[in-house]
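Reading the structure
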Amino acid sequence: DAGITQSPRHKVTETGTPVTLRCHQTENHRYMYWYRQDPGHGLRLIHYSYGVKDTDKGEVSDGYSVSRSKTEDFLLTLESATSSQTSVYFCAIGRTLAGGPNEQFFGPGTRLTVL
Amino acid sequence: KQEVTQIPAALSVPEGENLVLNCSFTDSAIYNLQWFRQDPGKGLTSLLLIQSSQREQTSGRLNASLDKSSGRSTLYIAASQPGDSATYLCAVHTDKLIFGTGTRLQVFP
């Protein structure tokens, strides 16, 4: 358990509404990630952060934005939700390894349904 | 483009069998490889991480090996139990973590 919580755990919303998902960590890790998981596509990286106010795009970033104003929180926002964004969203933290990229640990996920 | 493939996609075995799950990747330039377990409706649990300089890692009944030159990793599960039933994912770390689509394992009593 890497001390990662996600909220909400489930959400149903309507097309066109804004949605914000929150990821919270308790271990002060520098790297945080947002993924989505869909049948047939596996897990795909949306955005990631390498420090407070430092973020970058992943593989499927269109329609999503992120913010990180403090180390422990990483927010994912869907500005105007679409049905194609119905998915399970996972947050992860990266535990730094000596000499290379980090080992990632995942939160419990948020199931989002856009009607 | 790095691609990660897991074979088989699904596996059903009786309790007590020793299992091998396979993971292959197309580009050997990886930093590390991570194996995860995912239970239905749950998040991913990290099982083992093998750094590129290592050949294998062990944790309890699990043993993972890595052959970078051939682009392969195997996860060996000894004496399988019904509680091992889950989907197993491998992921290779290049500039980002790239996942395979998983092997769904069912161990029946």
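Scroll up for the structure.
Residues numbered from 1 in each chain as written. Chains lettered and ligands numbered in written order. Predicted model: local features only at pLDDT ≥ 70, side-chain atom pairs only at ≥ 80, totals over all residues. Heavy atoms only, no water.

Digging into the pairing of strand E4 (residues 32–38) of chain B
All names here are of chain B.
- Buried residues dominate E4, accounting for seven of its seven residues.
- Of the two faces of E4, both are covered, the one formed by Asn32, Gln34, Phe36 and Gln38 as well as the one formed by Leu33, Trp35 and Arg37.
- The pairing of E4 with strand E5 (residues 44–51) spans seven bridges and is antiparallel. In the sheet register, Asn32 faces E5, and the bridge partner there is Gln51.
- Between E4 and E5, which pair antiparallel one after the other, the connecting turn spans five residues, and Gly41 there sits at a positive phi close to 70°. (Buried < 20%, exposed > 50% of the residue type's maximum accessible area, 1.4 Å probe, protein only. Helix = DSSP H or I, 4+ residues; strand = E, 2+ residues; numbered from the N terminus. Pairing = 2+ DSSP bridges.)

A short note on the pattern of salt bridges
Residue and element names in this part refer to chain A.
- Overall, the coordinates contain seven salt bridges over all chains when judged by the stated rule.
- In this structure, the salt-bridge partner of Glu27 is Arg95, at a minimum N-O distance of 3.1 Å. Linking Glu27 in the loop between strand E3 (19–25) and strand E4 (31–38) with Arg95 in strand E9 (residues 87–97), this pair joins segments that are 68 residues apart in sequence.
- Given a relative accessible area of 30%, Arg95 falls into the partly exposed group. (Salt bridge = Lys/Arg side-chain N within 4 Å of Asp/Glu carboxyl O.)

Let's talk about the interface of chain A and chain B
- Each partner contributes to the interface: chain A provides 15 residues, whereas chain B provides 17 residues.
- Interface of chain A and chain B: buried area, both sides summed, is about 1,400 Å²; carbon and sulfur atoms make up 62% of it.
- There are zero salt bridges connecting chain A and chain B.
- At the surface where chain A touches chain B, the tally comes to four residue pairs in polar contact (both at pLDDT 80 or more). (Contact = heavy atoms within 4.5 Å. Buried area = accessible area lost by both parts, 1.4 Å probe. Polar contact = N/O pair within 3.5 Å; in protein donor to acceptor, adjacent residues only side chain to side chain.)

What to know about the state of the cysteines
- Enumeration according to the criterion identifies two disulfides over all chains in this entry.
- Paired through a disulfide, A:Cys23 and A:Cys91 show a sulfur-sulfur distance of 1.8 Å. In this structure the cystine formed by A:Cys23 and A:Cys91 twists about its S-S bond by roughly -70°; its chirality is therefore left-handed. A residue pair is termed long-range when its members are at least 10 positions apart, and A:Cys23 in strand E3 and A:Cys91 in strand E9 qualify at 68 residues.
- Residue classification places A:Cys23 among the buried residues on the basis of a relative accessible area of 0%.
- A residue is classified by how much of its surface remains accessible, and A:Cys91, at 0% relative accessible area, is buried.
- What pairs with B:Cys23 in a disulfide is B:Cys90, and their sulfur atoms sit 2.0 Å apart. Residues B:Cys23 and B:Cys90 are joined through a disulfide that is right-handed, its torsion about the S-S bond being 75°. Within this pair, whereas B:Cys23 is found in strand E3 (residues 19–25), its partner B:Cys90 is found in strand E9 (residues 86–93), the two being separated by 67 residues in sequence.
- B:Cys23 gets classed as buried once you look at its relative accessible area, which sits at 2%.
- For B:Cys90, a relative accessible area of 0% gives the class buried. (Disulfide = S-S within 2.5 Å.)

As for the sheet that holds strand E8 (residues 73–78) of chain A
Residue and element names in this part refer to chain A.
- Spatially, four strands are ordered E1-E3-E8-E7 in an open sheet, and the strand pairing comes out antiparallel. With partners counted over all chains shown, the strands left at the sheet margins are strand E1 (4–7) and strand E7 (64–70), one partner each. Within the sheet, the average angular offset between the axes of one strand and its neighbour, ignoring direction, is 20°.
- Both E1 and E3 contribute to a ladder of four bridges, which runs antiparallel. Each bridged residue has a counterpart across the sheet, and for Gln6 the counterpart in E3 is Cys23. (Axes fitted to C-alpha atoms, helices over the stretch in contact; angles between N-to-C directions.)

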